[in-house]
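# Structure assessment
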Amino acid sequence: MSWLQKLYDTYDNCAEVLKSNRELVDAPMLAPVGQMIQSVQVELTLDAGGKIINARVIEGHEEQSTFIPCTEDSQNRTSGACAHVLFDKLKYMAGDYYDYLWLKSSEEPSDKLRKKNEESRQEFHEARTLYMQRLNELAARCNGIVKKHLDVIVAYLKRNTLVSDLIARNILSGSIPEHIVAVQVPRKEIVKYPLYNRKIVPDVSEAFVRIRVHYPGEVRDKIWEVPDFWQSYKEYYLEKLEAERSTDLCYVQGREVVPGLKHLCRIPFTNSKSKLISSNDSENFTYRGRFATSKQAMCVGYETSQKAFNALRWLVQKQSWHEKGQIYVIWGTKNQRIPAFDDDSADLLTEDPTDNSAFDGDIDTREGFAKRLILVMQGYKKELDGASQVVVLGLNSATDGRLAVTYYQEISGSDFLSRIENWHNTCQWLHAYKHDKKDEKKTHAFFGAPAPLDIIKAAYQISPADPRPKPQHPVPDHLLHATMDWLIPCILEKRPLPPDIVKTLFRRAANPAAVKEDLDREMIMTITCALVRKYYNDRGQKEEITVALQPDYPDRSYQFGRLLAYAENIESYVNKLDGENRQTNAERLMHQFSKRPMKTWQILESQLQPYTGKLQSSRFGLKARLMAEINEIVSGLSEWTDDLDKPLTELFILGYRCQLEKFQQDMKAAAEAKAQKEREKKPLSSKILENK
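Residues numbered from 1 in each chain as written. Predicted model: local features only at pLDDT ≥ 70, side-chain atom pairs only at ≥ 80, totals over all residues. Heavy atoms only, no water.

## Notes on the overall build of the chain
When helices and strands are counted, the chain shows 25 helices and 17 strands. Relative to its length of 692 residues, the chain is extended, with a C-alpha radius of gyration of 34 Å against a globular reference of 26 Å. In terms of overall dimensions, the chain has a C-alpha envelope of 100 × 60 × 60 Å along the principal axes. When burial is assessed residue by residue, the chain has 49% of its 692 residues classed as buried. Across the chain, the fraction of contacts at a sequence separation of at least 24, relative to all contacts at a separation of at least 6, is 67%. With the model as given, the accessible surface of the chain reaches about 33700 Å², and the carbon-plus-sulfur share is 49%. Here the chain contributes 97 positive and 97 negative side-chain charges, whose respective centroids are spaced 2 Å apart. (Helix = DSSP H or I, 4+ residues; strand = E, 2+ residues; numbered from the N terminus. Rg over C-alpha atoms; globule rule 2.2 N^0.38 Å. Buried < 20%, exposed > 50% of the residue type's maximum accessible area, 1.4 Å probe, protein only. Contact = heavy atoms within 4.5 Å. Areas by Shrake-Rupley, 256 points an atom, 1.4 Å probe, with all protein chains shown as cover. Lys, Arg positive; Asp, Glu negative; His and termini not counted. Charge placed at Lys NZ, Arg CZ, Asp CG, Glu CD.)

## Notes on the layout of surface pockets
Put simply, the second largest pocket is a space of about 1000 Å³. Forming the walls of the second largest pocket are 30 residues, and the residues nearest its centre are Glu-568, Ser-572, Glu-587, Leu-660 and Gln-664. Of all the secondary structure elements, the ones that give two or more residues to the lining of the second largest pocket are helix H17 (499-509), helix H18 (518-538), helix H19 (556-577) and helix H24 (651-681). In terms of residue count, the dominant contributor to the lining of the second largest pocket is H24 (7 residues). Residues of the lining of the second largest pocket, tallied by class, amount to 12 nonpolar, 7 polar and 11 charged. (1 Å grid on protein atoms, 1.4 Å probe; cavity = no way out; pocket = protein on both sides within 12 Å on 5 of 7 lines; lining within 4 Å. Points joined across faces, edges and corners; volume = space filled by probe spheres on them. Nonpolar A, V, L, I, M, F, W, Y, C, P; charged D, E, K, R; others polar.)

## Notes on the sheet that holds strand S7 (residues 174-175)
As summarised here, the arrangement of the 3 strands in space is S6-S8-S7, forming an open sheet in which the pairing is mixed. With one partner strand each, in any of the chains shown, strand S6 (101-103) and S7 form the two edges of the open sheet. Summarising the sheet, S6 and strand S8 (residues 180-182) pair through 3 bridges and their orientation is parallel. Note on S8: the bridge partner recorded for Leu-103 is Ala-182. (Pairing = 2+ DSSP bridges.)

## With respect to the side chain of Thr-526
Along the chain, Thr-526 turns up in helix H18. Look at Thr-526 and you get buried, because its relative accessible area is 0%.

## Observations regarding a positive patch on the surface
A contiguous patch of positive charge, built from Lys-104, Lys-112, Lys-116 and Arg-198, is present on the exposed surface. Within the secondary structure, Lys-112 is located in helix H6 (residues 111-141). (Patch = residues over 30% accessible without salt bridge, like charges linked within 9 Å, V, L, I, M, F, W, Y side chains within 5 Å. Salt bridge = Lys/Arg side-chain N within 4 Å of Asp/Glu carboxyl O.)

## Some details on the sheet that holds strand S12 (residues 320-323)
In spatial order, the strands read S12-S13-S14-S15; together these 4 strands make up an open sheet with antiparallel pairing. The sheet terminates laterally at S12 and strand S15 (402-412), the two strands that pair on one side only. Taking the axes of each pair of neighbouring strands and ignoring which way they run, one obtains an average angle of 10° across the sheet. In this structure, strand S13 (residues 326-332) lies alongside strand S14 (residues 389-399), joined through 7 bridges in antiparallel fashion. Within S14, the position partnered with Trp-331 by the bridge is Val-391. Seen against the sheet, helix H11 (residues 302-319) touches S12, S13 and S14 and runs at an angle of roughly 100° to S13. (Axes fitted to C-alpha atoms, helices over the stretch in contact; angles between N-to-C directions.)

## Some details on the pairing of S15
Where S14 and S15 come together, 9 bridges link them in antiparallel fashion. Bridge pairing in S15 places Val-392 opposite Gln-409. Linking S14 back to S15 in an antiparallel pair, the connection comprises 2 residues.

## What about the environment of Glu-178?
Note on placement: Glu-178 falls in the loop between S7 and S8. Residues Glu-178 and Leu-101, spaced 77 residues apart in sequence, show a C-alpha to C-alpha distance of 9.0 Å.

## Quick word on the packing of helix H13 (residues 366-381) against helix H14 (residues 413-426)
Relative to each other, H13 and H14 sit at 165°, their axes nearing to 11 Å. It follows that H13 is roughly antiparallel to H14 by the angle criterion. The element H13 and its partner H14 pack so that their crossing is right-handed. Residues Phe-369, Leu-373, Met-377, Tyr-380 and Lys-381 of H13 pack against Leu-417, Ile-420, Glu-421, His-424 and Asn-425 of H14. (Parallel < 35°, antiparallel > 145°, perpendicular 65-115°, else oblique. Left-handed = near helix turned anticlockwise from the far one by under 90°.)

## Brief notes about the packing of aromatic side chains
In the structure shown here, the tally under the stated rule is 22 aromatic pairs. Aromatic pair Phe-87 and Trp-224: ring centres 5.7 Å apart, planes at 80°, arrangement edge-to-face. With Phe-87 in the loop between helix H4 (72-75) and strand S5 (88-89) and Trp-224 in the loop between strand S9 (208-214) and helix H9 (227-244), this pair connects stretches of sequence that are 137 residues apart. On the basis of relative accessible area, Trp-224 is assigned to the buried category, the value being 1%. With a centroid separation of 4.9 Å and an interplanar angle of 90°, the aromatic rings of Tyr-566 and Phe-663 are classed as edge-to-face. Taken together, the positions of Tyr-566 in helix H19 and Phe-663 in helix H24 put the pair 97 residues apart, joining distant regions of the chain. Look at Tyr-566 and you get buried, because its relative accessible area is 3%. Ring pairing ties together the aromatic residues Tyr-92, Tyr-97, Tyr-98, Trp-102 and Phe-124, which thus form one cluster. Cation over ring: Lys-148 sits above Tyr-215, and NZ or CZ is 4.6 Å from the ring centre. Across the ring face of Trp-314, the terminal group of Lys-318 is positioned such that the distance to the ring centre comes to 5.1 Å. (Phe/Tyr/Trp six-rings, centres within 6.5 Å; stacked < 30°, edge-to-face > 60°. Lys NZ or Arg CZ within 6 Å of the ring centre and 35° of its normal.)

Take it as geometry only, folks, not as evidence of what the structure does.
See the structure below:
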């Protein structure tokens, strides 16, 4: 029950959000108790006398979102006839709905269709009668401007002219005298009848309608946004429930309250039917066998349930990570600003995820990253301290109708920040695969930790070179969910990385020929280096592994990686001098080298001779230095008494990558030194002109 308690507390702590639901554009809305958020496609505006001033189709998704008062039954309805209390579909609100035949473009009026229409009328007649009864009761209970609005709406709906009014105002296409409404219209007429655009509503007969009442001098004409109305409906419905059922002990609040029997669905998204608490199966084994009634298994108050699940839905839409039915949501119980666990270091260091400000400055250096990370964490620490609390909740849905809690953790604010900071410090590497936020063709380099989803893609994404059929998602769902469940505790609980994912990354990085795209190879290589370094450092190595090259690092695999980097550097350098751009022998044999390093090195050594010969004639000094360094590594390897030809460990990738990056740094430094010398040789007059 602790996760429900935290959600309940969060709702009460975030009560101010209810008052500002519409102030922030595109911001998720926190629903009041007894209300649901529904996309509404048609809006009518009435004057104080109930006359229609305007009728329009609502096209923007943000404007469509509307608070609708609902009952426990209506908020969980599927295919049966069960109306909401104020705004609903046409078939509930329009008293003349079944006076019309709703025809598809290819249909003709027939006796069979009229009979079917009459049967539907009988089914929904009782539901609409109850709808009007509840609406009258609610209007009688309210006061002030809310009552005036509801009285006008009730009087209008009693006329039973909603469908004919919508036809008269070109919202629906049809004929009033013939009592026919078109379900479809030709594409060329959609401009005239925008409600028939399937992007707005798939079926016009299923369109939701809301009504606003305009009083001269009254600003609040949208009753669904008036807090007084929310409170009035909450009190009205709680009184109805108290009359229908006895109070019981709420397992969350620990006191006697009106129990909730049907809890909220649509928790992750409005088009989902997933529920976390369900006891509607009284015949099988939902609770039978251990308990006589569902209340004995668990009892949660109606208001408690509404607040908790409305808070959860708001948090999921506002700040969750979700992918293929798996959800992780992290929040502060007082709505504090917290860093996202699923960000890479580049995204963590920027406030706006749509810009490229994180790449300004020196984020591609260890020193620049460390300074920026400290500043960012200091900003979060102003809101999150040892007294504040952060909650982590993991959800997953095996089917469309059920959700399960797969992970739960309560962490103090200071501990949470220290764990996030620890992840970005211990899993850091220099990456160059990050796409520009505004131009996908550009990439940026950044120093830090990769995003969890990027780690999963690097480990399991099917490569374009892979002949196997590709699923809709680049990573199979079961691997995505399982790996994320592994990584979350590593980030938030400082648990060691699981060896499975490290070995999988190593196998992919050591076989670059299996990956077609250069950017994919770069991504796999640098992410592998970041995780391998963290994996071995967390295990407590005698000597800490750094991001910079460690020429004397006492490990056979690390030194063999350096050796392969020398072979690749020599061949690629000569190819560049010859104007060629092709894969080197070292890259082609990398996978074999990781399995049989000594035997493969003998093959590579013989293949290097033509390239060292070209260096002999063009760059003798460079050739002598490189060969001396290679001989030094080979002689150092001979000190290991075990079999030099046995398979290499994951440290092979670190040695290989660090040595290649050292070559690049040396070449860059040499080019800068050469440019500096050329500038110093220029006459003083040329320097003055350049400065101007």
